[in-house]
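As a plain string of letters, each chain reads:
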Amino acid sequence: MQWFLFLSGGSAIAYYLFMKIRYHRIAFASFFLGAGITMLFFAILWDNGGDQNKVSDLWQDVIGIVFLMGILLFVFTQAMILFYGFHDGKKKGDYIMVLGAGLNGREVSTTLRLRLDRAIALYRQCPLPMIVSGGQGKDEERSEAAAMRDYCIAQGVPEKMILMEDVSCSTDENFAFVKRLLNQQTPHVLLVTNRFHMCRAARIGAFHGFRCECFASPVHTATAFNFYVREFFALWKTLLCHLFFLICKKRKSCHLSRILQGIGSTSTTMGGSEACF
């Protein structure tokens, strides 16, 4: 176990350094630094033999069991994320909906460009009105929706076929504000986002009453691992918030329901300046 902790901790720190040197600023990368330091700390304290006492034996067993359970949960969750990311829906709906991601100043980032390219290809096969959704992050010079609209127009999508939602700051708000914009109870959309984000986005869309046909875009290879790990935590946070919200709603605890819905709205999203590279 000790050698595994040393290897994992060193690899996590090396990955963090690579991300910082290559991209300077990217969401969630600091998690790998913290995780790496923690694993190295436990590896140094780990006792592989000698005069062990029962307390140290007990703690080593507990840590090992918790670690194994965490690995199994992570594998199960990633299998679910990968299924949504590589499973296309039916090309039937009323709109193509593209979720925003970070900008580089005024221009779309690599992550966002991959989403838009998939949406434009889909539009050429199914010429439906296209919804671009994303507000303005603190480090962005304009809203993501405005940059997305300009990119689509430059690629040949008629401006009259583009609807903008330029206020949202999270995936939850993407769907909430688009639903308000469309004024429909159950919008039917061809949803476009990155593969690692699709599972959570589809769940949030269903929570808001959307019928989502999933069409995931490719993932930037160098940063894929970072975002897949990130989605593990974000997906479970979203699922738990929605579960508590539904329980409270059933019990008619309106005040607590609103609080929990607000917590859900802050679930980690691929909007704002979180994916700028």
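Each remark here, short or long, concerns the structure printed above.
If you're wondering where the values come from, they're calculated on a predicted model, not measured in any experiment.

Reading guide: rules and limits
- Throughout this description, residue numbers start from 1 for each chain and increase along the sequence as written.
- In keeping with the predicted nature of the model, local features appear solely for residues at pLDDT of at least 70, side-chain atom pairs appear and are counted solely at 80 or more, and the whole-chain, interface and lining totals rest on all residues.
- Each side-chain value is derived from all of the structure's non-hydrogen atoms; neither hydrogens nor water enter the calculation.
- Here a helix means four or more residues in a row that DSSP labels H or I, a strand means two or more in a row labelled E, and each is numbered from the N terminus.
- Paired strands, in this sense, are two strands between which DSSP finds at least two bridges.
- A right-handed crossover is one whose linking path, passing over the helix from the first strand to the second, runs clockwise when the strands point away from the viewer.
- To define a nonpolar core, start from buried Ala, Val, Leu, Ile, Met, Phe, Trp, Tyr and Cys residues and group those joined through side-chain atoms within 4.5 Å.
- Each residue is assigned to one of three classes by its accessible area relative to the maximum for its type, calculated with a 1.4 Å probe on protein chains only: buried under 20%, partly exposed between the two thresholds, exposed over 50%.
- Any two residues whose heavy atoms approach within 4.5 Å are treated as being in contact.
- Whenever a carboxyl oxygen of Asp or Glu lies within 4 Å of a side-chain nitrogen of Lys or Arg, that contact is scored as a salt bridge.

### Concerning the environment of alanine 146
- Its location among the elements puts alanine 146 in helix 5 (residues 144–154).
- Spatially, the C-alpha atoms of alanine 146 and valine 108 are 9.9 Å apart, while their sequence positions differ by 38 residues.

### Comments concerning the pairing of strand 5 (residues 162–165)
- When strand 4 (residues 130–133) meets strand 5, the two strands line up parallel, connected through 4 bridges. Each residue of the ladder has a partner; that of isoleucine 131, found in strand 5, is leucine 163.
- Taken together, strand 4, helix 5 and strand 5 form a β-α-β motif whose crossover is right-handed.

### Here we look at the nonpolar core
- Of all hydrophobic cores here, the largest spans 26 residues; its most connected members are Ile96, Val98, Leu116, Met130 and Val157.
- For this core, the secondary structure elements donating two or more residues are strand 1 (95–99), helix 4 (110–125), strand 4, helix 5 and strand 6 (188–194).
- For this core, the leading source of residues is helix 4, giving 6 residues.
- Setting aside chain neighbours within four positions, we find leucine 116 in contact with Val98, Val108, Met148, Tyr151 and Cys152.
- Of all hydrophobic cores here, the second largest spans 21 residues; its members include Trp46, Ile81, Ala224 and Leu235.

### What to know about unusual backbone geometry
- Even without being a glycine, asparagine 183 presents a positive backbone phi close to 55°.
- Its location among the elements puts asparagine 183 in the loop between helix 6 (171–182) and strand 6.

### As for the pattern of salt bridges
- A complete count under the given rule lists 5 salt bridges for this structure.
- Salt-bridge contacts for arginine 118 lead to aspartate 88; the nearest nitrogen and oxygen are separated by 3.0 Å. One end of the pair, arginine 118, is in helix 4; the other, aspartate 88, is in the loop between helix 3 (54–85) and strand 1, and 30 residues separate them in sequence.
- When its relative accessible area of 39% is taken as the criterion, aspartate 88 is described as partly exposed.
- Residue arginine 200 is joined to glutamate 231 by a salt bridge in which the shortest nitrogen-to-oxygen separation is 2.8 Å.

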